[in-house]
Amino acid sequence: MRTLNLGILAHVDAGKTTLTERLLHAAGVIDEIGSVDDGSTQTDSLALERQRGITIKSAVVSFTIGDVAVNLIDTPGHPDFIAEVERVLSVLDGAVLVVSAVEGVQAQTRVLMRALQRLRVPTLIFVNKIDRRGARFETVLQGIRDKLSPAIVAMGSAGGLGTRGASFAPYRAGDAPFARELVELLADHDDALLAAYVDDESAVSYAQLRGGLAAQARRARVHPVFFGSARTGAGVDELTAGIADLLPAAEAGGDGPVSGTVFKIERGPRGEKIAYVRMFSGTVRTRDRLRIGGDGEGKVTAVSGPDGGAAIAAGQIGKLWGLGDVRIGDAIGTPRTAAPGRQSFAPPTLETVVVPRRRADRGALRVALDQLAEQDPLIDLRQDELRQEISVSLYGEVQKEVIQATLANDFGVDVTFRATTTICIERPDGTGAAAEILGEEPNPFLATVGLRIDPAPIGSGVEFRLEVELGSMPFAFFRAVEETVKETLRQGLHGWEVTDCTVTMTHSGYAARQSHAHAVFDKSMSSTAGDFRNLTPLVLMSALRRAGTRVYEPMHRFQLEIPADTLGAVPPVLVQLGGVPQATAIRGPTCTLEGEVPAARVHELRRQLPALTRGEGILETAFERYHPVRGEIPDRPRSDNNPLDREEYLRRLAGR
Ligand SMILES: Nc1nc2c(ncn2[C@@H]2O[C@H](COP(=O)(O)OP(=O)(O)OP(=O)(O)O)[C@@H](O)[C@H]2O)c(=O)[nH]1
Ligand SMILES: [Mg+2]
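Cut-offs and rules
Residues numbered from 1 in each chain as written. Chains lettered and ligands numbered in written order. Predicted model: local features only at pLDDT ≥ 70, side-chain atom pairs only at ≥ 80, totals over all residues. Heavy atoms only, no water. Near = heavy atom within 4 Å. Polar contact = N/O pair within 3.5 Å; in protein donor to acceptor, adjacent residues only side chain to side chain. Areas by Shrake-Rupley, 256 points an atom, 1.4 Å probe, with all protein chains shown as cover. Helix = DSSP H or I, 4+ residues; strand = E, 2+ residues; numbered from the N terminus. Nonpolar A, V, L, I, M, F, W, Y, C, P; charged D, E, K, R; others polar. Pairing = 2+ DSSP bridges. Axes fitted to C-alpha atoms, helices over the stretch in contact; angles between N-to-C directions. Parallel < 35°, antiparallel > 145°, perpendicular 65-115°, else oblique. Contact = heavy atoms within 4.5 Å. Salt bridge = Lys/Arg side-chain N within 4 Å of Asp/Glu carboxyl O. Buried < 20%, exposed > 50% of the residue type's maximum accessible area, 1.4 Å probe, protein only. Core = buried A, V, L, I, M, F, W, Y, C linked by side-chain atoms within 4.5 Å. Donors = N, O, S within 2.8 Å, 3.2 Å for Na, K, Ca; no water. Phe/Tyr/Trp six-rings, centres within 6.5 Å; stacked < 30°, edge-to-face > 60°. Lys NZ or Arg CZ within 6 Å of the ring centre and 35° of its normal.

Moving on, we come to the site of ligand 1. Residues in close proximity to ligand 1 total 19 residues, the closest being Lys16, Thr18, Thr55, Asp131 and Arg231. Here an oxygen atom of ligand 1 sits 3.2 Å away from a polar atom, N or O, in the main chain of Ala14. Asp37 places a polar side-chain atom, nitrogen or oxygen, 2.8 Å from an oxygen atom of ligand 1. For ligand 1, the protein covers 93% of the area, taking 650 Å² as the surface of the free molecule. A total of three residues in the shell around ligand 1 trace back to one element, the largest contributor, which is helix H1 (residues 16–26). Its residues assigned to classes, the shell around ligand 1 shows five nonpolar, seven polar and seven charged.

The structure is reproduced here in structure tokens:
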């Protein structure tokens, strides 16, 4: 039996969950097809998902197609839950990207396809909802070609578009235009095929072409496109066959060192932690002792593998119990060296302070949020010790409502939120350096630290380098400096996280332990890691002040569909909200506007849109980039002990 771990990805409401039901039904796993609208599907199993009719958490279901065991992961499409998609990307062997035949390629579709391409995940495209009024074939196909990838091929034609009888007719052997299209598509990467075809068209058999297509689709070089309807089932059999034929299912093997990754964490009925793991090599069994993350360890108390078996082998997905400290994204066993370390999607750009309605719930709220953060690391709690407040990072208002409902339903904690604010970032504007030498005024610590901060390319994060000899002092002191540098950069000159920079250690020095035969260890004369931890923020903030920083705010790319006769009313409002319309296209009675708008104003734009467009406007946005803040620079309230003010910092340290 071969295994295929398959993700279904798309923009919100494209029909992923409905399609999942169809695939389960086609495979004989369920007798009746559940409906999202009635809250009866397999994968939208949370109460909140059923109430709202949207997917919030990724869910795994399994079925077989011939000799292929498919683990299908149904993901949420709403951009507020993109973190759920992020986590499953690294465990996929293949994906089905769903596009609506009515709405076509959307901003979120592009974001997802870009991530799939970057990770080279083999991807089929399914154009869904061909039964819905307004469904189109050529236009959608062209949109896919223009906006997603030129390396695509329609696997058939669709008829009866926009009616319940809409159908998909796959192209077959002997279909000359299809064969020609395949040759053109495949020839880019297959010279032999092109040469044979140019020599003699009939010399290349249809079977050869199909074989070539499968080979290149499995390497993510080309993307076959299917059409159909998850609601009526049209095209679903062809898609099912395509999943087995055109995506890379692999024989599960149990050899090699144990290595896997945790992509989902759930709590069982008794609060016990359940970790979903995908194995890359080796086999996990009950009672195995495993390395978790970098330096943790845990003992597996129970395993649920494929078909409920008690082992999970390389290539498979399963559940593990007993790993108390495990977190999402942790490696199990030997970390994969080739693991893509970089995040695929933008981090959350909003944050809000969570306030319990009852003061007595403060402790319970902290525990509850910690548990939520363990299932969703991007919630990124920030505890403000001074004001005794907790803030959480957010992707949007829907996520905020979901957090509120989850806290109330699952933890019995009623909360409200302060106004949502945008999360900006700081980047150094130039180079800055500073040093404090042991024994020289005004350095109050037994340590020498010199640091230089330089700007680094966008998206590169923070890198720490040494320009001093590694042997010049104990390694623990270097580690203390590096950790403190990263910690300190969480709040820059304006209180925002500082990123895209290199910090270089230019000076180092310490006072050695005395080694006289009788002398006892004298802390006042020997350096400790604490000296380095205390001194580093002072030096780094001086260097940063010399470099200067610039504050950047997140910008979204928007796509706005409005009735053409409202074109006079919408752009002025866009501009007033800081938006920059860049392209306008009028197609009959509708007009499409595209451009950028500050993330901070998206919610307001969404609020005003119905009144401006008689309720017909459709707005889609996705994070695009960071842009220097225009006008007044927003400061984030400080929640750290950073030494913006040297005297106050030293007083606070002395008072601890
Ligand atoms: N007419 C028609 N409606 C469909 C089709 N597929 C799904 N729908 C409807 O579209 C809506 C959204 O379907 P879902 O399956 O929840 O979409 P989804 O992509 O899982 O949505 P999220 O997980 O929330 O992103 C529901 O009302 C479905 O009944 C289809 O092929 N034709
Ligand atoms: Mg869904």
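Turning our eyes to something else, we now look at the pairing of strand E32 (residues 580–587). Across seven bridges, the pairing between E32 and strand E33 (residues 590–598) is antiparallel. Opposite Arg587, over in E33, you have Thr590 as the bridge partner. Counting the residues between successive antiparallel strands, the hairpin from E32 to E33 contains two residues, one of them, Gly588, with a positive phi of roughly 60 degrees.

Moving on: the packing of H1 against helix H9 (residues 236–246). Any two packed helices are characterised by how steeply their axes cross, that is the angle between the axes, and by the distance between the axes. H9 packs onto H1 with a crossing angle of 80 degrees between their chain directions and a minimal axis gap of 10 Å. As judged from the angle between their axes, H1 and H9 are roughly perpendicular. Between H1 and H9, the residues in contact are Leu19, Arg22, Leu23 and Ala26 and Val236, Asp237, Leu239, Thr240 and Ile243, respectively. A class-by-class count of the residues in the contact of H1 with H9 yields six nonpolar, one polar and two charged.

Let us now look at the environment of Ile56. Structurally, Ile56 is set in the loop between helix H2 (47–52) and strand E2 (59–65). Remark: the alpha-carbon pair of Ile56 and Val402, spanning 346 residues in sequence, is separated by 8.5 Å. Leave out the neighbours within four places in its chain, and Ile56 touches Leu48, Glu49, Pro76, Phe81, Glu84 and Val402.

Let us look at the pattern of salt bridges. What the rule picks out here adds up to 32 salt bridges. The salt bridge partner of Glu594 is Arg110, with a shortest N-O separation of 3.8 Å. Of this pair, Glu594 sits in strand E33 while Arg110 sits in helix H4 (residues 107–118), and the two are 484 residues apart along the sequence. You can call Arg110 partly exposed: its relative accessible area is 23%.

Moving on to the nonpolar core. Counting residues in hydrophobic clusters, the biggest one holds 91 residues, and the most contacted among them are Leu19, Ile125, Ile144, Leu213, Phe227 and Ile243. If near-sequence neighbours (up to four positions away) are discounted, Leu213 is found in contact with Val153, Met155, Leu182, Leu185, Leu186, Val222, Pro224 and Leu246. Leu451, Ile453, Phe478 and Met505 belong to the second largest nonpolar core, which has 31 residues in total.

Attention shifts here to the coordination of the magnesium ion (ligand 2). Taken together, Thr17 (OG1) and Thr55 (OG1) make up the full set of protein donors to the magnesium ion (ligand 2), lying 2.0 Å away. Linking Thr17 in helix H1 with Thr55 in the loop between H2 and E2, this pair joins segments that are 38 residues apart in sequence. Looking at Thr55, the relative accessible area reads 7%, which means it is buried.

Another point: the packing of aromatic side chains. A full pass over the atoms with the stated rule returns eight aromatic pairs. Consider the rings of Phe477 and Tyr510, whose centres lie 5.6 Å apart with planes at 65 degrees: the pair is edge-to-face. Of this pair, Phe477 sits in helix H12 (residues 475–488) while Tyr510 sits in strand E30 (residues 501–510), placing them 33 residues apart in sequence. Taken together, the ring pairs in this structure connect Tyr171, Phe178 and Tyr206 into an aromatic cluster. In this structure, Lys264 packs its charged tip against the face of Tyr276, placed 5.6 Å from the ring centre. In this arrangement the basic side chain of Arg427 is found over the ring face of Tyr552, its NZ or CZ atom lying 4.5 Å from the centre.

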